[in-house]
Amino acid sequence: MQIQGSGALITGGASGLGLATARALAAAGAHVTLLDLSSSPGAERAVELGGSFIAADVTSADDVTSAVVEANAQAPLRIVINCAGIAPPAKVVDRDGNPAPLGDFERVISINLIGTFNVIAQASAVMAKNDAVDGARGVIVNTASVAAFDGQIGQAAYSASKGGVHAMTLPIARELARHGIRVATIAPGIMETPMLAGLPEAAQASLGQQVPYPARLGRPDEYAALALSIVENDYLNGETIRLDGAIRMAPK
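Everything in this summary refers to the structure shown in the same document. None of the values given here were measured: they were computed from a predicted structure.

Criteria and thresholds
Residues numbered from 1 in each chain as written. Predicted model: local features only at pLDDT ≥ 70, side-chain atom pairs only at ≥ 80, totals over all residues. Heavy atoms only, no water. Helix = DSSP H or I, 4+ residues; strand = E, 2+ residues; numbered from the N terminus. Polar contact = N/O pair within 3.5 Å; in protein donor to acceptor, adjacent residues only side chain to side chain. Contact = heavy atoms within 4.5 Å. Pairing = 2+ DSSP bridges. Axes fitted to C-alpha atoms, helices over the stretch in contact; angles between N-to-C directions.

1. Let's talk about the side chain of R182
- Tracing the sequence through the fold places R182 in strand β6 (residues 181-188).
- Side-chain polar atoms of R182 contact the backbone oxygen of V231, separated by 2.8 Å.
- When residues no more than four places from it in sequence are discounted, the contact partners of R182 are M1, G138, V139, I140, I230, V231, E232, N233, D234, L236 and N237.

Next comes the structure, spelled out in C-alpha cells:
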C-alpha cells in the first residue's frame, strides 16, 4: 500500500505509540487524522503534523462513524492504526478478599477490545467504498500486547482485551480480503509510553533489563517503523507480530 497521498486515521494518536506512528506516516506523505479524547493534546499535535484532529470516544459508534467519514473527506482513507487503549492493573480478588468490581473489567474490555472492533467496523465500511489502487483498498493495524500471550498477575482484564484483539485479527482479515483490505496486529512488549512514564527511572531501567536483547524498553519509533512496514508490505495479512526483544513475561 502506497503511503504517499493516502488518508490515515490513528486512534490514540495524541501520544505514545499512536503519535509516533502518526509522525512517521506524515513524514511518508500521508494525510494523518488523529482520533483521541477531547482532553488530549490532539489538536496541537495535529497542527504540528499538518493533519487533522477529531475528538472522539472509540467506544461510541456515532463518534467513530463521524470520525471515519471526516477523515475520508480529507483524503481517501486507506490506513487505520488502532492505538487507543488503557492498562489499569487489578487483581481478581484483592488483598482483603474482595472481588474486583465488574465495572472495572468491563471498562478495559470496552475500550481496548470493543473500541478496536468499533473502529475496524466503521472504517472498513468506508474504505470498502473507495477506489482500489492496484487491487488494494487499505490496511488496518491493531495493537495487542505480549500480555495477550503471557499476562501477569493483575492483568486479567488487560490480557483478555488484548487476547481478543489478537484472536479477531485473522477472521477479520479473511472477511475483509474480498474488499482488498488487509488486517494485522502488533503485540508490543514493554515500551516507553505515557503508561510507564510515571515510573521512577530506576524502575524503568529495571523493566528494561528483563528484556533479553536489546535489554531496554522498546521505543515508540520502533513500533511506528513496524506499523509502516506492515502498511507497505502487501503480502503481510492476518498476522500478529510480537515486538518485544524476545521477552516472556514472568507471573509478576
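2. Structural notes on the sheet that holds β6
- Read from one edge to the other, the open sheet built from seven strands follows the order β3-β2-β1-β4-β5-β6-β7, with strand pairing classed as parallel. The open sheet has two free edges, formed respectively by β3 (52-55) and β7 (240-243), since each of these has just one partner strand. Between one strand axis and the next, the sheet turns by 20° as a mean value, whatever way the strands run.
- Where β6 lies against β7, four bridges are found, and the strand directions are parallel. If you follow I186 over to β7, its bridge partner there is I241.

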